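Results of the structural survey
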Amino acid sequence: MIQVSQGKRAGALHMLVKLGCVIAIGLLLSACEEQEALTPKAIDRPVLTVIVAAPTKQQLISNLTANGPIAAWQEAVIGPEVNGLRVDDVLVQVGDRVTKGQALATFAKNTVQHEYRLAKATLDEAISLAHEARTNGERARELRDIGGLSGQQIQQMLTQEQATQARVEAARTRLAVQKLHLSQTILRAPDDGIISARSATIGSVPAQGTEMFRMIRQDRLEWRAEMTASQLAQVRPGQEARIASPDGGYWSGRVRRVAPTVDSTSRRGVVYVDITGPESRNAVPMPTGAYVRGEMILGERPGMTVPQTAVVARDGFHLVFKVNDDQRVVGLKVDVGHVVGDRQEILSGLEGTERIVVAGGAFLSNGDLVQIAESADVRPAHDPR
């Protein structure tokens, strides 16, 4: 009896232990499920609060971008017209603006002055001899009618009259040449412009035609835009242009001429653009020789733009993120064109009716859930600010 009773107690105890284990396991599983339900992974939360907008269809300015150097419209080389003159003074420096006829340099004139005086004395002598010969010629013509002189004597006197008159003309011409040389002892500007180079030095004796100054005529500059043959075909004289200056500003221009040939090595031709003036009053003057970027304005055309912040560069492509009706995003590959202010032209990839993420696309991936904001203060969901 005692043994049977102990066996029943042991069996009951065993059952109680098993029941306790089952209850404990059930409580543990319930707690785990509850904890898992509370974890962020189980909660489908938006990863970002965004502003959406539709692409804008508008008229865009069609242009061609090119690069090229700034050069002088015409550059005058200024040098002496007389040999053997010593430079006495240099009156202008590089960067000086000069007017037509302004003195740039002076030469020592002692030698030229002496030659001028000698030529003048020669002319005076020739005039005196010619006056005497003309008197004799008149007398000879009077005596020829009455037979007072032989025919040979008369002919000699008339010939002498003609010879002395020719000597006067020759002496007068030599004097004019010496007067010109005397005026050339002052080197003058051939036109209005700005001095771009100076090689003249005081005391030097430059040969005739030796460069002493270079001058940008009329202070006119041009942009020589280098373009391919297909681009050249789209450019016409008279079209407007914008040239970026080295200081970050822009200058206006107008196409003057399109080159009729293309370089056989570079496969590029030149468009000559007259620079008409700066777009701002404080613009720094364009330096000749600078290699700058610019664009030819061809006209208006219809196009589509989105905010620049909506375009994300990723893996070599340009993407914009479209928000579907379920507020999940999908990245769309697009082809981009020109930047228009703070907007980016879209050439293909959008229909124009999509809701696209305006900013924050760099934080998104395909399938992410987003929340659409009504304010402009948009930050990533994990932003601690």
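First, a word on what this report is: a plain description of the structure on this page. Starting from 1, residues in each chain are numbered consecutively following that chain's sequence as written. This being a predicted model, a pLDDT of at least 70 is required before a residue's local features are given, and a value of 80 or more before pairs of side-chain atoms are given or counted; all residues contribute to the totals for chains, interfaces and linings. With hydrogens and water stripped out, all remaining heavy atoms of the structure feed into the side-chain values.

Looking at the overall build of the protein chain
Here is the rule: Strands here mean DSSP runs of E at least two residues long; helices mean DSSP runs of H or I at least four residues long; both are numbered from the N terminus. Each residue gets one of three labels from its accessible area relative to the maximum for its type: buried under 20%, exposed over 50%, partly exposed in between, using a 1.4 Å probe on protein chains only. We call two residues contacting when some pair of their heavy atoms lies within 4.5 Å. Values of accessible area rely on a 1.4 Å probe in the Shrake-Rupley scheme; residue burial ignores everything except the protein chains shown.
In terms of regular secondary structure, the protein chain is built from four helices and 21 strands. By the burial criterion, 31% of the 385 residues in the protein chain qualify as buried. Within the protein chain, contacts between residues at least 6 apart in sequence are counted, and of these 75% link residues at least 24 apart. Carbon together with sulfur atoms contributes 53% to the accessible area of the protein chain, which is approximately 23800 Å² in total.

Looking at the pairing of strand S12 (residues 240-244)
The condition is simple: By this definition, two strands are paired if DSSP reports at least two bridges between them.
Sheet topology places S12 next to strand S13 (residues 250-258); five bridges connect them, and they run antiparallel. Considered in S13, the bridge of Arg242 is made with Ser252. With three bridges joining them, S12 and strand S15 (residues 291-307) adopt antiparallel strand pairing. Following the sheet pairing, Ile243 is matched in S15 by Gly294.

Considering the pairing of strand S18 (residues 329-340)
Bridge count for strand S17 (residues 317-323) against S18 is six bridges, and the pairing is antiparallel. Bridge assignment links Leu319 to a residue of S18, and that residue is Lys333. Across four bridges, S18 lies against strand S19 (residues 343-348) in antiparallel orientation. Its bridge partner being in S19, Val340 is matched across the sheet by Arg343. Turn length for the S18-S19 hairpin, with the two strands adjacent in sequence and antiparallel, is two residues, and the turn residue Gly341 shows positive phi of about 65°.

Description of unusual backbone geometry
Positive phi, close to 55°, is recorded for Gln218, a residue that is not glycine. With a phi angle near 60°, Arg267 is a residue other than glycine that sits in the positive phi range. Among the secondary structure elements, Arg267 is positioned in the loop between S13 and strand S14 (269-278). By relative accessible area, which is 58% here, Arg267 ends up exposed.

Describing the sheet that holds strand S9 (residues 193-198)
Strand order across the open sheet formed by four strands is S4-S10-S9-S6, with antiparallel pairing between neighbours. Bordering the open sheet on either side are strand S4 (75-78) and strand S6 (97-98), each of which pairs with just one other strand. In the sheet, S4 pairs with strand S10 (residues 213-217) via four bridges, with the strands oriented antiparallel. Among the inter-strand pairings, Glu75 is bridged to a residue of S10, identified as Ile216.

So, the sheet that holds strand S7 (residues 103-107)
The pairing of strands in a sheet comes from backbone hydrogen bonds and takes either a parallel or an antiparallel form. Our working definition: Between N-to-C directions, angles span 0 to 180 degrees; the directions come from axes that are lines fitted to C-alpha atoms, helices contributing only their stretch in contact.
In spatial order, the strands read S5-S7-S8; together these three strands make up an open sheet with antiparallel pairing. Taken across any chain shown, the strands that pair with only one partner, and hence form the sheet edges, are strand S5 (87-90) and strand S8 (186-188). Each neighbouring strand pair of the sheet contributes to a mean axis angle of 25°, computed without reference to strand direction. In terms of strand pairing, S5 meets S7 through three bridges, oriented antiparallel. Looking at the pairing, Asp89 lines up with Thr106 of S7.

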